[in-house]
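Spelled out, the chains give:
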Number of protein chains: 2
Amino acid sequence: MSENRLIYLPLGGAGEIGMNCYVYGYGTPGKERLIVVDLGVTFPDMDTTPGVDLIFPDVSWLEERKDRIDGIFITHAHEDHVGAVGHLWGKLDAPVYARAFTAHHARRKMEEQGHNPDKVQVMGPWPEMRQIGDFNIGFLPVSHSIPESSAMVIETPDGRVIHTGDFKIDYDPGVGEAFDRDLWTEASKPGVKALVCDSTNVFSGHEGRSESSLAPEITRLVAEQPGMVVATTFASNVARVKTLAEAGIAAGRSVCLLGRAMRRMIEASVETGVLSDFPSTIPPEDAREVPRGNLMLIVTGSQGERRAASAQLARGKYMGLTMAEGDTFLFSSKTIPGNERGVISIMNQFSEQGVDVVDDDGGRYHVSGHANRPDILAMHELVRPQMVVPMHGEHRHLREHVKLAKDNGRAGVLAPNGTCVSLSGNKPEVVEYVETGRVYLDGAVQVGALDGIVRDRIRMALNGHVVVTLIIDEDDTPLGDPWVELVGLPETGRSGSSVAEIMEQDLGQFMQRADDRTLMDDDKLDEQLRRVARNTANDELGRKPEVTVVISRLS
Amino acid sequence: MSENRLIYLPLGGAGEIGMNCYVYGYGTPGKERLIVVDLGVTFPDMDTTPGVDLIFPDVSWLEERKDRIDGIFITHAHEDHVGAVGHLWGKLDAPVYARAFTAHHARRKMEEQGHNPDKVQVMGPWPEMRQIGDFNIGFLPVSHSIPESSAMVIETPDGRVIHTGDFKIDYDPGVGEAFDRDLWTEASKPGVKALVCDSTNVFSGHEGRSESSLAPEITRLVAEQPGMVVATTFASNVARVKTLAEAGIAAGRSVCLLGRAMRRMIEASVETGVLSDFPSTIPPEDAREVPRGNLMLIVTGSQGERRAASAQLARGKYMGLTMAEGDTFLFSSKTIPGNERGVISIMNQFSEQGVDVVDDDGGRYHVSGHANRPDILAMHELVRPQMVVPMHGEHRHLREHVKLAKDNGRAGVLAPNGTCVSLSGNKPEVVEYVETGRVYLDGAVQVGALDGIVRDRIRMALNGHVVVTLIIDEDDTPLGDPWVELVGLPETGRSGSSVAEIMEQDLGQFMQRADDRTLMDDDKLDEQLRRVARNTANDELGRKPEVTVVISRLS
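Reading the values: the criteria
- Residues numbered from 1 in each chain as written.
- Chains lettered and ligands numbered in written order.
- Predicted model: local features only at pLDDT ≥ 70, side-chain atom pairs only at ≥ 80, totals over all residues.
- Heavy atoms only, no water.
- Core = buried A, V, L, I, M, F, W, Y, C linked by side-chain atoms within 4.5 Å.
- Buried < 20%, exposed > 50% of the residue type's maximum accessible area, 1.4 Å probe, protein only.
- Contact = heavy atoms within 4.5 Å.
- Pairing = 2+ DSSP bridges.
- Helix = DSSP H or I, 4+ residues; strand = E, 2+ residues; numbered from the N terminus.
- Axes fitted to C-alpha atoms, helices over the stretch in contact; angles between N-to-C directions.
- Buried area = accessible area lost by both parts, 1.4 Å probe.
- Salt bridge = Lys/Arg side-chain N within 4 Å of Asp/Glu carboxyl O.
- Polar contact = N/O pair within 3.5 Å; in protein donor to acceptor, adjacent residues only side chain to side chain.
- Nonpolar A, V, L, I, M, F, W, Y, C, P; charged D, E, K, R; others polar.
- UniProt positions renumbered as here; feature names shortened; annotations may be inferred.
- Least-squares fit on C-alpha atoms with pLDDT ≥ 70 in both.

*Asks:* Could you give an account of the nonpolar core, with specific residues and numbers?
*Replies:* Within the largest apolar cluster, 66 residues are counted, with the highest numbers of intra-cluster contacts made by A:V468, A:L525, A:L529, B:V468, B:L525 and B:L529. Setting aside residues up to four positions removed in sequence, A:L525 forms contacts with A:L470, A:I472, A:F510, A:M511, A:T518, A:L519, A:I551 and A:R553.

*Asks:* Explain the sheet that holds strand β26 (residues 465-472) of chain A to me, using residue names and the numbers behind them.
*Replies:* Residues and elements named next belong to chain A. Overall, mixed pairing links the three strands, which are arranged β27-β26-β28 in an open sheet. At either end of the open sheet lies a strand with only one pairing partner, and these are β27 (483-487) and β28 (546-553). Across the sheet, the axes of successive neighbouring strands diverge by a mean angle of 15°, strand direction being ignored. Sheet topology places β26 next to β28; eight bridges connect them, and they run parallel. Residue pairing in the sheet places H465 in a bridge with E546 of β28.

*Asks:* Explain the interface of chain B and chain A to me, and be specific about the residues and the numbers.
*Replies:* With 63 residues of chain B at the contact, the number on the chain A side is 63 residues. Carbon and sulfur atoms make up 60% of the area that chain B and chain A hide from each other, which totals about 5200 Å². Viewed at the interface, chain A and chain B are joined by ten salt bridges. In this structure, B:R543 engages A:D442 in a salt bridge whose closest nitrogen and oxygen atoms are separated by 3.2 Å. Applying the counting criterion to the chain B and chain A interface returns 31 residue pairs in polar contact (both at pLDDT 80 or more). If you list the elements that add at least two residues to the side of chain B that touches chain A, you get α11 (340-352), α13 (395-407), β25 (445-448), α14 (453-463), β26 (465-472), β27 (483-487), α17 (522-541) and β28 (546-553) of chain B. By residue number, the principal contributor to the side of chain B that touches chain A is α14(B), which donates eight residues. Here the side of chain B that touches chain A is built from residues that sort into 27 nonpolar, 18 polar and 18 charged.

*Asks:* Before we move on, could you go through the UniProt feature "domain: Metallo-beta-lactamase" (unreviewed entry) in chain A and cite the residues and values that matter?
*Replies:* Per the UniProt annotation, the sites labelled "domain: Metallo-beta-lactamase" (unreviewed entry) are residues 18-206 of chain A. As annotated, residues 18-206 of chain A comprises 20% helix and 30% strand, and the C-alpha atoms at either end are separated by 24 Å.

*Asks:* Account for the relation of the copies chain B and chain A, with residues named and values stated.
*Replies:* Placing chain B over chain A gives an RMSD of 0.1 Å and needs a rotation angle of 180°, together with 0.0 Å of translation along the axis. Such a combination of turn and shift is consistent with a two-fold rotation axis. If distances are taken from each C-alpha of chain B to the rotation axis, the shortest is found for B:A461, at 2.6 Å. A shared binding surface is used by both copies, with 100% of the interface residues of chain B retained as interface residues in chain A.

*Asks:* Just give me the short version of the pairing of β26(B), but keep the residues and values in it.
*Replies:* A regular strand carries its side chains on alternate faces of the sheet. Residues and elements named next belong to chain B. Burial analysis of β26 places eight of its eight residues in the buried class, the great majority of the element. Side chains of β26 alternate between two faces, with H465, V467, T469 and I471 and V466, V468, L470 and I472 buried alike. Here five bridges tie β26 to β27, and the two strands are oriented antiparallel to one another. If you follow V468 over to β27, its bridge partner there is V484.

Structure follows, in structure tokens:
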């Protein structure tokens, strides 16, 4: 082992599913040259991040070492891998590399955030390699649920790393490259030091199914429906969208794509050449004129997203199209944990419209894009790495994946976000823990997850908000009593009287008793008024609200 | 058909799963004497009801007809059937009837809300009947996932109604009465006008499994684990708790129950005689002294509830007990839609502790308490009613259940909350739509779902809150400029300067320009200041916050 070392450091995606961001480094400890694999987002939820628009990995560690970053590599165009490129690029300022389809999306994201899209360079598939510092790097095609997904082959002086990215083993994926066993055998031939490997489906015990296995069932279903068929899936699953469209055509239906993301993905696929034979579609204006039994819509919103086409159809109308009794809505998708309420809600709205809803029905109309447990093991056995480093999974997935590796005689390491692992020796070795976290895109601004802003919003949501206002004149004498505004709180409480009035009385009484030292000290006054207001609220309403005290001193 | 009529009116539980409340009436239209079946709660969530403690059906319709209510019947002791008895009883003021185990819980709920528990009367199982006005009513035992669940047999001058309550067909439920086919045949013999029937699992195509089918798998699992085993299930599933405890004993483990609800349920079961042979348990103090391999905990919190024993163990400690590497945590439960994030979160915390988590694993360690589609159909065929009225389900479940009935040659009616159906004729007939809704228990106060209180909290959570304060003197002249407090919003925005300062400048400039008529008119001033503040926030932060304007006029 040389003085130099090869390190792996996940900043996002290891210990969670989302916001992937992995760092590799090679060089003298503390001075390694760095590359970044993926810059993704994760999505907010009302429970923990109300009002937040997007969540990014905190890349402060990288930003502080900006001058050592030689490149950013994007494995594929899913939002949790490419979504933060535009938002975080300014902090990293390094060339971005991707294959054509992925680069197409990365460039748009750069442009949207005011960066030069030419910072994104297109690379062809492995065996094309790019020498970047001490790394020699290539994009090894792999099957997943979006075109041109790739693993990274990272050749280093300390050996070869294969970073799978998201993958499944699919020999007939419909659109995009089939899993090429020979190519992978070839890429693994020189010996692989470490396989950094997708863990998402490690708890799924059965072998994964091919995307192409769905076509017969979907085709049959679409043909059998008397009314209009509306199907939703992940817009980026171009193969699925194609299968759905072909099923529509086979059933003698005109096909119409609804939702910006859906149209954008298909256009990108055609433009970059990954899709050449997509059936012809009609625009929404024309769809309105087609008899329902001859029409199929393919729409965005498989997760029940409020603004997507599916939710708008559920509420009534989208682009002049409505659903009606006798129509069928197909979820050719699975519901991501946390989205159940939204999905169930639109299912019930469709039910109220008399629409029959069909969901994935235990896998009949959807397959996962990730390798199941036996496929993960098959990957280990194909690549035969010296060590396995599980990534892309919650803690429980990573842990189970390490077990799987060890049970099969390979070294493995549990390395959640912030765990810096040296891959140089014969076994993975944790060399450091780095502080990691999340950054929120909040409207137009990026805020730290620990800034307390979102915490305050959650508190107002849970407890309501009381504003206490007090005017104090030049002589430190209160001008009248404090008064209050209640927001998000009931007007009357246990006593049946106005809570605001009772609170103002209590605050007034406190002011009568307050001594000069308190009256001169804003902090003290703030603290005491807050206490009184909270106590009144607790007596009357049984809860202690957030209180903001505004003291105006005339001068 | 006489001039009198028999009506059915769901006020809760039809069109949702939760807060069950069904009304039956008999008499001259508009003057029917009424009975109520079940008074349940539903649980809040952060997305739609942040800060709310419990949700009840709005029983205004009943309250306005209070003098016509002859009784309240509780089918079983699940919270969505009995949970609102204490909170709503004051509005209805009628005797409550239940079987012993259910009455035990109903009485506690009455006491907790300051009502006389003796208002709850115990009835024995059918064929015991109680004549109440024109109704003759009995509790017909049925299997479910809590002891002494019952259907209601409601004999009326227009025929017999059977209201199933929650049920499954289980001939070996472990604890409580097995499904008694003969008894049900007997109760159906006089001919049944309407079967008002549980719809929860109408989409589950396979026949339901018996509670007792779980014992071998659970026993094997518990015996095989080297470390401590901690299992969670719904506390009210007394049969399951017993199966788990017996598995512990069989494996030579001491068993300890953790969590108030768990202990309370077992105590109630023993007290009311539904459970006579529960294994002996040890208190937590003693459990601490038992070697891990000889210990089993049965704990509350199968839904990841933050304050339950499971979540506290996941965070570190509960009653002096902690989990450790090599221990096993079993979810002998299913995750109710909407609770996924909470459950997954504690799974990962356990993973971080080195604890192996086992979930229901596709039904190996959990069975549902509700009848699946074939069992629902079996119930139709057993009771052979003239008409089927689906209840206890979301809209999609009710709709599917009506289809199922019709496909099998029976009349059915889709009657979501508020649909008043006459059952007197040969077919169900919708006679009226009644306004229904939800009432929130918010701290100590009941508030209407449409009062806007929770809406304001959601808005503050999504948008943040700005408080604008302005003092105006006796001559309608502003005393200084308005100033602002931002809560739940970033301090600095696009320009990099303090948002509060920029907003105060903008508001100050507005005040300079404001004419006398505006200055004299609080409403106009409020509207204009709000507009200015929102525009500044939008420019700087890219979002429009909630704004509260406080104008203080000196006098």
